[in-house]
Number of protein chains: 2
Amino acid sequence: MTVQAAIALDVPATILAADPLDAAARVWPDVLIGRPDSLDDLLRLAERCALVTFDHELVDPAQLRELERRGFLLRPAAATMAVARDKLQQRARFGAAGLPVPAFRAAHTADEIGRFAGEHGWPVVVKARRGGYDGRGVMVVADAAGAAAAVERYRDSLPVLVEEHVPLERELAVLVARSPSGEMVAYPVFETVQRDGMCVEVVAPAPASEQLTREATDLGRRIALLVDAVGILAIEMFVDRAGRLLINEIAARPHNSGHLTIDAAATSQFENHLRAILDLPLGPAHLLVPAAVMVNVVATTDESTADGLAEALAVEGARVHLYGKQRRPGRKIGHVTVVGEDLDDVRRRARQAAARLSGEPATMRA
Amino acid sequence: MTVQAAIALDVPATILAADPLDAAARVWPDVLIGRPDSLDDLLRLAERCALVTFDHELVDPAQLRELERRGFLLRPAAATMAVARDKLQQRARFGAAGLPVPAFRAAHTADEIGRFAGEHGWPVVVKARRGGYDGRGVMVVADAAGAAAAVERYRDSLPVLVEEHVPLERELAVLVARSPSGEMVAYPVFETVQRDGMCVEVVAPAPASEQLTREATDLGRRIALLVDAVGILAIEMFVDRAGRLLINEIAARPHNSGHLTIDAAATSQFENHLRAILDLPLGPAHLLVPAAVMVNVVATTDESTADGLAEALAVEGARVHLYGKQRRPGRKIGHVTVVGEDLDDVRRRARQAAARLSGEPATMRA
């Protein structure tokens, strides 16, 4: 999706892909085959480019610092990527700055998790510091045995992050684009809907009070400054049952919560990411429509139904975005956005089209 | 721009490009180097693809018929492309079907042009049957000497098309998407503004009466059926000073007059072209916004001003689309669309951003 924005602005780009069959490599001519965790490969990439940016966090902050030491330009910088990669560091930085975060602690052992639970109550949430996404790397732990299992599971990346289990009212995402010269635009606040820790749906605008959305936006802007964001920064937040905002985690790149900006906003997050890292003026971030809903397409089988695309496109106004990825059950292979006047209607159509692409048998579909 | 739509729908494509530096070849990995007027190259392309489509008319209808004879699938078909390529055939077909066209005649000599002018009055318009675009291939001829010059200029493609010089109120474009199974959607009617025969600006919706836009849309649909269009068909029309609609010419592909659909319509013309040729359900064609204006970026020099892109993006809401083409004075190298509430405001901003990209010195700009 970044490539689609790069075409419009005529921005030359080299993509580092681990495999020539990677989704991005299939739709872009200038691809360097290499690994994002190989310093040699990163150096080969950086030598070809005026600057390097990221669309995931599977990079080693030490390698990124080494690139900067050698004079290569990273946007966002290695320091920003280091925070975005490490949930524990995020909690610590944001907490130390006085920003609202769930109660948390670093824990090396099941005993330490138990002590935290003694203070805050079971269940607690145990998270791998890094590498988790789509619900991976997160466990809700109800007792000492669960704590032991969690430490065992994440033993390669200790300490884990243990935090209070926040009873949620809803989750919000704030997307901010920020350029090196300091220009910043914030998208309207979106609601993200998770299932089993994976984002399944994003609703714009978020059904939240004006005050709450203003607070969330302000918080997003403060975090962008705090981590010296350049490009898109996505800030995921909890709203607890008491209506309190808590920072969950950040991503320093275009993010799933912002995919609906392609079809619903004056400027997509992908284009604003490019504009920001190139220090070009940012585009307006308002919605062009009263309501938009994005539903992820999560494959349910290894095989696509032959007519899934046709069935999805038969849903009035379904904007289909497929990622060219191999299907695997549980894997996000695309998304659908529907825009319109009425939120319920828009959501119903987006879910219907996404279900038709996911491979769900017709009888299972909403 | 077709490639951007192909990415979203995960449609595999092979592009036939004459040169590896062609704009499309620079943004797509699967490119076959070859000429669109070489049967061998067309055969090499067709053998790799389930179907062949077009983004220009620089193909030989006889070669396309030969492809069909050998069993390859063309969408649109060779017969449709033959009409789209030949202005004289268009006039004859549409006139014979009782559709409104300017008075016209085929002329092989200056005398024949003179006789036509004797009946219809000077000046007359002389057009090459094919190959003309952006004002090339069209001459306004005021007298017998001009007629002789026109015959001389177009001597390789006689007869020329000579037609009455219609005093214009405005020009309209109707875009229709039609699939092989017969589904058809029509975009709202757009106004096209020409300068020296080149489209410089497109306004949506067209400032025309409801009756006139309905008539234009009906005419567009009739022509789509008449030429058996598949994919996007753009129909350019004149509105004369008496408010009469006259068919000017057609293009059987995504067309400059529809570029604003990328940013302003529920489905872009490029996506609907793909959906149509693949016989997938078509997307809705309504505008998402009250007003949209597209202004072509026409290079004024061989060199870009270093900060042209930044200056253009600084115009609030400017949606910039660059084509990755080498600059040459007079060449279309991109376009800018602005969407919004107020047509005059939107037009002013689109013109301003386009001027900044064109290379016009600041003092010349609107």
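In this convention, every chain numbers its residues from 1, walking through the sequence in written order. Naming scheme: in the order in which they are written, chains are lettered from A and ligands are numbered from 1. For a predicted model such as this one, the threshold for reporting local features is a pLDDT of at least 70, and the threshold for listing and counting side-chain atom pairs is 80 or more; totals across whole chains, interfaces and linings nevertheless cover every residue. Side-chain measures were taken over the full set of non-hydrogen atoms in the model, leaving aside hydrogen atoms and water.

**Observations concerning helix α7 (residues 144-153) of chain A**
All names here are of chain A. Basically, it comes down to this: Relative accessible area decides the class of each residue, using a 1.4 Å probe on protein chains only: under 20% of the type maximum gives buried, over 50% gives exposed, and in between gives partly exposed. Only DSSP runs of H or I covering at least 4 residues are called helices, and only runs of E covering at least 2 are called strands; the numbering of each starts at the N terminus. The reported arc concerns the directions from the helix axis to the C-beta atoms and nothing else.
Residues of α7 that are buried include every one of Gly146, Ala147, Ala150 and Val151, and no others. The buried residues of α7 occupy an angular sector of 140 degrees when projected down its axis, which confines them to one face. For α7, exposure combined with an orientation more than 90 degrees from the buried face picks out Ala145 and Arg153.

**Observations concerning the interface of chain B and chain A**
Worth spelling out the cut-off: Throughout, a contact is declared for two residues whenever any of their heavy atoms are within 4.5 Å. When two parts are brought into contact, each loses some accessible area as probed by a 1.4 Å sphere; the total of that loss over both is the buried area. Salt bridges are counted wherever a side-chain nitrogen of Lys or Arg sits within 4 Å of a carboxyl oxygen of Asp or Glu. Think of a polar contact as two N or O atoms within 3.5 Å of one another; within protein, one of them needs to be a possible hydrogen donor and the other a possible acceptor, and neighboring residues in sequence only count if both atoms come from side chains. Three categories are distinguished: nonpolar for Ala, Val, Leu, Ile, Met, Phe, Trp, Tyr, Cys and Pro, charged for Asp, Glu, Lys and Arg, and polar for the others, with Gly belonging to the last.
If you look at the interface, chain B gives 34 residues, while chain A gives 34 residues. In total, chain B and chain A occlude about 3000 Å² of area from one another, counting both sides; carbon and sulfur atoms represent 61% of this. When the area that chain B buries against chain A is broken down by residue, the three leading residues are Gln4, Ile7 and Leu313 of chain B, summing to 18%. Counting across the chain B and chain A interface gives 4 salt bridges. A salt bridge links Glu271 of chain A to Arg319 of chain B, with the nearest nitrogen and oxygen atoms 3.3 Å apart. Between the two partners, chain B and chain A, sit 7 residue pairs in polar contact (both at pLDDT 80 or more). If you list the elements that add at least two residues to the side of chain B that touches chain A, you get α1 (2-9), α10 (269-277), α11 (308-313) and β14 (319-322) of chain B. Ranked by the residues each element gives to the side of chain B that touches chain A, the list is headed by α1 of chain B, at 5 residues. For the side of chain B that touches chain A, the class distribution of residues is 22 nonpolar, 5 polar and 7 charged.

**With respect to the pattern of salt bridges**
Working definition: two side chains of opposite charge can pair if their charged atoms are close together. Taken as a whole and assessed by the stated rule, the structure comprises 52 salt bridges over all chains. Put simply, Asp41 of chain B and Arg44 of chain B hold a salt bridge, and the shortest N to O gap is 3.0 Å. Highlighted residues: Asp41 of chain B and Arg44 of chain B, both in helix α2 (residues 39-48), separated by 3 residues, approximately one helical turn. Here Asp41 of chain B falls in the buried class, since its relative accessible area comes to 13%. Salt-bridge contacts for Glu271 of chain B lead to Arg275 of chain B; the nearest nitrogen and oxygen are separated by 2.7 Å. Of this pair, Glu271 of chain B and Arg275 of chain B both sit in helix α10, 4 residues apart, which is roughly one turn of the helix. By relative accessible area, which is 1% here, Arg275 of chain B ends up buried. Ionic contacts of the salt-bridge type, sharing partners, join the residues Glu201, Asp344, Arg347 and Arg351 of chain A into one network.

**Considering the layout of surface pockets**
Applied cut-off: Method remark: on a 1 Å grid restricted to protein atoms, a set of points is classed as a cavity if a 1.4 Å probe fits but cannot get out and as a pocket if it is open with protein on both sides within 12 Å along at least five of seven lines; lining residues have an atom within 4 Å of a point. Grid points are joined across faces, edges and corners, and a volume is the space filled by probe spheres set on the points.
Size it by volume and the second largest pocket reaches roughly 900 Å³. Contributing to the lining of the second largest pocket are 45 residues, with Ile262 and Asp263 of chain A together with Ile262, Asp263 and Arg319 of chain B lying nearest its centre. Looking at which element gives the most residues to the lining of the second largest pocket, the answer is helix α9 (residues 261-264) of chain A, with 4 residues.

**Thoughts on the sheet that holds strand β3 (residues 104-107) of chain B**
All names here are of chain B. Note the following rule: One bridge is not enough; two strands pair if DSSP finds at least two bridges between them. Interaxial angles span 0 to 180 degrees and are taken between N-to-C directions of axes, which are lines fitted to C-alpha atoms, for helices over the stretch in contact.
Strand order across the open sheet formed by 4 strands is β3-β6-β4-β5, with antiparallel pairing between neighbours. If you trace the sheet from one side to the other, it starts and ends with β3 and β5 (138-141), each paired once. Shown here is a sheet whose adjacent strand axes are inclined to one another by a mean of 25 degrees, direction ignored. Summarising the sheet, strand β4 (residues 124-127) and strand β6 (residues 160-164) pair through 4 bridges and their orientation is antiparallel. Paired with Val126 across the bridge in β6 is Val162.

**A look at the packing of helix α3 (residues 61-69) of chain A against helix α4 (residues 78-85) of chain A**
Residues and elements named next belong to chain A. The condition is simple: Each angle gets one of four labels, with under 35 degrees taken as roughly parallel, over 145 as roughly antiparallel, 65 to 115 as roughly perpendicular, and the rest as oblique.
Remark: α3 packs on α4, axes separated minimally by 9 Å, with the N-to-C direction vectors making an angle of 175 degrees. Overall, the two elements α3 and α4 adopt an arrangement that is roughly antiparallel. Side by side, α3 and α4 meet where Pro61, Leu64, Arg65 and Glu68 of the first sit next to Ala78, Met81, Ala82 and Arg85 of the second. Residues belonging to the contact of α3 with α4 are distributed by class as follows: 5 nonpolar, no polar and 3 charged.

**Focus on α4 of chain A**
Burial within α4 of chain A is extensive, with 6 of its 8 residues counted as buried. Inspection of α4 of chain A places Ala78, Thr80, Met81, Ala82, Val83 and Ala84 of chain A among the buried residues, and these make up the whole buried set.

**Focus on the relation of the copies chain B and chain A**
Rules: A least-squares superposition brings the copies together, and it is based on the C-alpha atoms of residues with pLDDT no lower than 70 in both.
Expressed as a screw transformation, the operator carrying chain B onto chain A has a rotation angle of 180 degrees and an axial translation of 0.0 Å, and the superposed copies differ by an RMSD of 0.0 Å. Such a turn and shift between the copies fits a two-fold axis. Considering only C-alpha atoms, the residue of chain B closest to the rotation axis is Pro29 of chain B, which sits at 2.0 Å. Mapped onto chain A, 100% of the interface residues of chain B are again interface residues, and the two copies thus contact each other with one and the same surface.

**Here we look at unusual backbone geometry**
Geometrically, the link from Arg75 of chain A to Pro76 of chain A is a cis peptide bond, its omega value of 0 degrees lying close to zero. Cis geometry marks the peptide bond from Trp122 of chain B to Pro123 of chain B, where omega comes out at -10 degrees. Here Pro123 of chain B lies in the loop between α6 (110-120) and β4. You will see that Asp228 of chain B, though not glycine, has its phi angle at about 55 degrees, which is positive.

**Regarding the pairing of strand β6 (residues 160-164) of chain A**
Residue and element names in this part refer to chain A. β6 sits mainly inside the fold: 5 of its 5 residues count as buried. Bridge count for strand β3 (residues 104-107) against β6 is 4 bridges, and the pairing is antiparallel. Paired with Phe104 across the strands is Glu163, a residue of β6.

**Focus on the nonpolar core**
Where we set the bar: Nonpolar cores are built from buried Ala, Val, Leu, Ile, Met, Phe, Trp, Tyr and Cys residues. Side-chain atoms within 4.5 Å join them into one set.
In this structure, Leu64, Ile223, Leu233 and Ile250 of chain A are the most contacted members of the largest nonpolar core, which totals 40 residues. Breaking this core down by element, the ones donating at least two residues are α2 (39-48), α3, α4, β7 (168-178), β8 (184-186), α8 (210-226), β11 (231-240) and β12 (245-251) of chain A. If one sorts the elements of this core by residue count, α8 of chain A sits on top with 5 residues. Those residues in contact with Ile250 of chain A that sit more than four places away from it in its chain are Val83, Ala84, Gln90, Phe94, Ile223, Val227, Leu233, Ala234 and Ile235 of chain A. Of all hydrophobic cores here, the second largest spans 39 residues; its members include Leu64, Val101, Val176 and Ala216 of chain B.

**Focus on the environment of Leu274 of chain B**
All names here are of chain B. If you trace the backbone, Leu274 turns up in helix α10. Along the sequence, Leu274 and Arg75 sit 199 residues apart, while their C-alpha atoms lie 10.0 Å from each other. When sequence neighbours within four positions are dropped, the list of residues in contact with Leu274 reads Thr2, Ala5 and Ala6.

**Quick notes on the side chain of Asp263 of chain B**
Mapping Asp263 of chain B onto the fold places it in helix α9 (residues 261-264). Side-chain polar atoms of Asp263 of chain B contact the side chain of Arg319 of chain B, separated by 3.1 Å. Within the local environment of Asp263 of chain B, its side chain forms a polar contact with the side chain of His321 of chain B, the two groups lying 2.7 Å apart. For Asp263 of chain B, the residues in contact, after removing those within four places along its chain, are Leu288 of chain A together with Arg319, His321, Thr337 and Val339 of chain B.

**Focus on the sheet that holds β6 of chain A**
Residues and elements named next belong to chain A. Read across the open sheet, the 4 strands follow the order β3-β6-β4-β5; overall the sheet is antiparallel. Two strands bound the open sheet, and with one partner strand each, they are β3 and β5 (138-141). On average, each strand axis in the sheet is inclined to that of its neighbour by 25 degrees, with strand direction left out of account. Strand contacts of helix α5 (residues 87-96): β3, β4 (124-127), β5 and β6, with the helix running at about 140 degrees to β3, the strand carrying the most contacts. Running over the sheet, helix α6 (residues 110-120) touches β3, β4 and β6 and is turned about 160 degrees from β3.

**Notes on the environment of Arg115 of chain A**
All names here are of chain A. Considering the arrangement of structural elements, one finds Arg115 in helix α6. We classify Arg115 as exposed; its relative accessible area is 52%. It is 9.8 Å that separates the C-alpha atoms of Arg115 and Ala144, two residues lying 29 residues apart in sequence.

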